[in-house]
There are 2 protein chains.
Amino acid sequence: MSRSHTNVSVQVIEEEACPLAEVLDHVAGKWSIGVLVAAAHGPVRFTELERAVEGISRRMLTLTVRKLERDGLLSRTVYPTVPPKVEYELTDMARELYGTLRSLTDWAQRHRTDIVAARARYDAAQQA
Amino acid sequence: MSRSHTNVSVQVIEEEACPLAEVLDHVAGKWSIGVLVAAAHGPVRFTELERAVEGISRRMLTLTVRKLERDGLLSRTVYPTVPPKVEYELTDMARELYGTLRSLTDWAQRHRTDIVAARARYDAAQQA
DNA sequence: CGGTATCCGGTTCGATACTG
DNA sequence: CAGTATCGAACCGGATACCG
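A brief report on the enclosed structure follows. Everything quoted here is computed from the prediction, not taken from an experiment. (Residues numbered from 1 in each chain as written. Chains lettered and ligands numbered in written order. Predicted model: local features only at pLDDT ≥ 70, side-chain atom pairs only at ≥ 80, totals over all residues. Heavy atoms only, no water.)

In the vicinity of DNA strand D there are 19 residues, among which Arg 59 of chain A together with Thr 47, Thr 62, Arg 76 and Tyr 88 of chain B approach most closely. In DNA strand D, atoms within 4 Å of the protein come from the sugar-phosphate backbone in 57% of cases. Within the side chain of Arg 59 of chain A, an N or O atom sits 2.3 Å from a base nitrogen of DNA strand D. Interatomic distance of 2.6 Å between a side-chain N/O atom of Thr 47 of chain B and a phosphate oxygen of DNA strand D. Mapped onto the surface near DNA strand D, the elements with two or more residues apiece are helix H4 (58-70) of chain A together with helix H3 (46-52), helix H4 (58-70) and strand E3 (85-90) of chain B. Among the residues forming the surface near DNA strand D, the class breakdown is eight nonpolar, three polar and eight charged. (Near = heavy atom within 4 Å. Polar contact = N/O pair within 3.5 Å; in protein donor to acceptor, adjacent residues only side chain to side chain. Helix = DSSP H or I, 4+ residues; strand = E, 2+ residues; numbered from the N terminus. Nonpolar A, V, L, I, M, F, W, Y, C, P; charged D, E, K, R; others polar.)

By nearness alone, 19 residues border DNA strand C, and Thr 47, Arg 76 and Tyr 88 of chain A together with Arg 59 and Met 60 of chain B come closest of all. The separation between a phosphate oxygen of DNA strand C and a polar side-chain atom of Arg 76 of chain A is 2.6 Å. Measuring from a sugar or linking oxygen of DNA strand C, one finds a backbone N or O atom of Pro 84 of chain A at 3.2 Å. No other element matches the four residues that H4 of chain A contributes to the surface near DNA strand C. For the surface near DNA strand C, the per-class residue count stands at eight nonpolar, three polar and eight charged.

Another point: the pattern of salt bridges. This model, assessed by the stated rule, comprises 12 salt bridges over all chains. The salt bridge partner of Arg 110 of chain A is Glu 96 of chain B, with a shortest N-O separation of 2.9 Å. Of this pair, Arg 110 of chain A sits in helix H5 (residues 92-127) while Glu 96 of chain B sits in helix H5 (residues 92-127), placing the two residues on different chains. Residue Arg 110 of chain A is classed as partly exposed on the basis of its relative accessible area of 48%. Its salt-bridge partner being Arg 70 of chain B, residue Asp 123 of chain A comes within 2.5 Å of it at the nearest N-O pair. Of this pair, Asp 123 of chain A sits in helix H5 while Arg 70 of chain B sits in helix H4, which puts the two residues in different chains. Judged by its relative accessible area of 34%, Asp 123 of chain A is partly exposed. On the basis of relative accessible area, Arg 70 of chain B is assigned to the partly exposed category, the value being 26%. (Salt bridge = Lys/Arg side-chain N within 4 Å of Asp/Glu carboxyl O. Buried < 20%, exposed > 50% of the residue type's maximum accessible area, 1.4 Å probe, protein only.)

Okay, here's the thing in structure tokens:
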């Protein structure tokens, strides 16, 4: 366990951390990931998203898709029919991100029980 | 672009999205990622984190490391010396996650300007 | 169908001051 | 050095009602 910790590595940290913070500002938020995942398999309509992303309110779905659209992660296509039809789709940029999201998912699934266990241990230690 | 959207894929979405939401509850939050990245290169002391994660307040750093420790992502070692010395380090579980965090970073760097451009385009279109 | 508008409670977070 | 305590502002997000 070498402690090769210098000013240089602190510099590196800042360069790494800042763009990452930016991504999260775009991608985090309670519902963003859920919406991206739900839209990943093809064009999806508003109501389909509403059903797929379980628990989301209409308001939050609107705000979330707007934000994702603004950041260029989601494309929105309006068909001026009656009744109106709107389709959302991942942009190429978002499709690249999706792979990383999947590896996050995989990590979460592998360590789900570990996290629960860690919490139980921590809480038990505190209450003592 | 086939629209092979069925009940089955909706099922898949829910199975994927839920654990992902859980990860984010652990890992998101304004500062978590920054702290994890800052702690990735070896044992780091509290004050070092405070300097490395630019903009974080003492309070938020405390809350963040506590949360990460509780979830088993960060280990906390106290040396009972005067003055006190506390070192934080990624757990093995967190080190696995770090790879994914890096690919998030890489994505962010590749598309940083794309996102800025997308926003400018969107905002211009709205104000019109 | 695909949204908006408004209200409002809860949580988050920064600022500040204090401590073993 | 490594925290804790308290306060208030800002923001987030749910509920509800309405609209082209």
